[in-house]
Amino acid sequence: MQNIVDDLNYRGLIEQYSNEENVRKLFETKQTIYCGFDPSASSMHVGNYVMISILKRLQQAGHKIIALVGGATGMIGDPSGKSKERNLQSMDVLRANTESIRNQLERFIDLTDPEKGMIVNNYDWLGNMPMLEFLRDYGKFFSINYMLSKEIVSSRLESGISFTEFSYQILQSMDFYHLRKTEGVTMQIGGNDQWGNLTSGLELIRKLDGDKAEAEVMTAHLITRADGKKFGKSEKGALFLDRNLTSPYQLYQYFINTTDEDAVKYLKVFTFLSHDEIEDVIREHLTNLGMRVAQKKLAYEVTKDIHGVEAAEEAVQMSNVLFSGDVAGLNANQIEELLGSLKVKLPTEINLVDLLILLGSAKSKTEARTFISQNSVSVNGEKVTDMNKVFTIADAMAGKYLIVRRGKKNYYLGEF
């Protein structure tokens, strides 16, 4: 069996191992590994996809993976990464979010055989646990001093932390112990901000099952950009895996606009290209920097893996349209996607000169006529040189749009 650790290290995915030597030894045979996902929102984002991709890599290497949706722990709230107490969500919202997260996970994990992959909800074993059983059977194994030493708790002491969030690490530890007993889980993975929670789970297992119990954890790097800023934020906010919140085109555009340094890094982190394929792309990229080879390959692969081949190819086509000016084949949804933020309401009829001024393509009639005479204006993909040309809804694309292009890069959108 392929030892996956070398691949994960090549991709720069793992930051901490509880014991790398033991992890390598475990991976010499088939293991069962789990990762938890928080249903605090209705959709996961591309940062979560890092963990999903690690699960997929482990599954492809022959291991059984379990994705846990925190239907119970989501009721409590994970304090890690938070500067203050989070607002608790209603049960109805949590149930809806849990189902939504589960549906997203099903897109990425092979569930055809329970020996390959499973999705579980920790509400099934934590939801109805009596309080006294929780305190007597689990709480007594966690000293206050030990819990306070965890960075996820200590970082919150000044601003304050409730007993509710304080107890989160116990509940997550119980998940690890429960899945070890019921599914044979030997390893938990998570983001590096989860290190305290993951090692608490190890502590519980070794207190209950002995110091020699086979169990390890490893955490993934929190991905950042070359400028040190947090990864995954666009001008519109987080990059969600739900196409209704972040469209495939928006996802494609984010990755195609990354820096050279980030593109090379993200090829390893996000794509399922082999080592040799990645190194070939990097060599070609460095030989032809102006061609943005790495960015194009990265954007296509990520969009394909998250939304499918058809969505990725459409995103490429839409991106190429703006470069080529060949907009005639766009449908209404694509026009809105590409240029909707530029939309200006048009009168029932308007001549070309006034159209350029209304859309902001020209500052005056003189400037508009200059642009037209220089053959630099096109409407709906066709060059227009007639100064007196009048446009009506009969000229519109998709029954209502005029796409104006001035020069190679300046686009404007009018809507009847």
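Residues numbered from 1 in each chain as written. Predicted model: local features only at pLDDT ≥ 70, side-chain atom pairs only at ≥ 80, totals over all residues. Heavy atoms only, no water.

Enquirer: So what exactly am I meant to see when it comes to the pairing of strand β2 (residues 32-37) here?
Expert: Side-chain positions along a regular strand alternate between the two faces of the sheet. A large share of β2 lies buried, amounting to 5 of its 6 residues. Of the crossover connections in this fold, the one passing from β2 over helix α3 (residues 46-60) to the parallel strand β3 (residues 64-69) is right-handed. Two strands pair when backbone bridges link them, and β2 and strand β5 (residues 187-191) are joined in this way by 3 bridges, in the parallel orientation. Across the sheet, the residue bridging to I33 is M187, located in β5. (Buried < 20%, exposed > 50% of the residue type's maximum accessible area, 1.4 Å probe, protein only. Helix = DSSP H or I, 4+ residues; strand = E, 2+ residues; numbered from the N terminus. Right-handed = clockwise from strand over helix to strand, strands pointing away. Pairing = 2+ DSSP bridges.)

Enquirer: So what exactly am I meant to see when it comes to a nonpolar patch on the surface here?
Expert: Together, M75, M91 and Y123 line one region of the surface with nonpolar side chains, adding up to about 220 Å² of accessible area. Take Y123: it is sitting in helix α5 (residues 123-126). (Patch = residues over 30% accessible without salt bridge, like charges linked within 9 Å, V, L, I, M, F, W, Y side chains within 5 Å. Areas by Shrake-Rupley, 256 points an atom, 1.4 Å probe, with all protein chains shown as cover. Salt bridge = Lys/Arg side-chain N within 4 Å of Asp/Glu carboxyl O.)

Enquirer: Please clarify how the packing of aromatic side chains should be interpreted in this entry.
Expert: Where two aromatic rings form a pair, the distance of their centres and the angle of their planes describe that pair. For the coordinates displayed, the defined rule picks out 7 aromatic pairs. Consider the rings of Y138 and Y177, whose centres lie 6.5 Å apart with planes at 70°: the pair is edge-to-face. Residue Y138 is found in the loop between α6 (131-137) and α7 (144-148), and its partner Y177 is found in helix α10 (residues 168-183); the two are separated by 39 residues along the sequence. The same class applies to Y138 as to Y177, namely buried. Seen from their ring centres, Y254 and F255 are 5.4 Å apart, and the 80° between their planes marks the pair as edge-to-face. On the basis of relative accessibility, which here comes to 13%, the residue Y254 falls in the buried class. Here the aromatic residues Y254, F255, Y266 and F270 are joined through ring pairs into a cluster of three or more. Over the ring of Y10 we find K268; its NZ or CZ atom is 4.9 Å from the centre of that ring. Stacked on the ring of F391, the Lys or Arg K389 has its end atom at 5.4 Å from the ring centre. (Phe/Tyr/Trp six-rings, centres within 6.5 Å; stacked < 30°, edge-to-face > 60°. Lys NZ or Arg CZ within 6 Å of the ring centre and 35° of its normal.)

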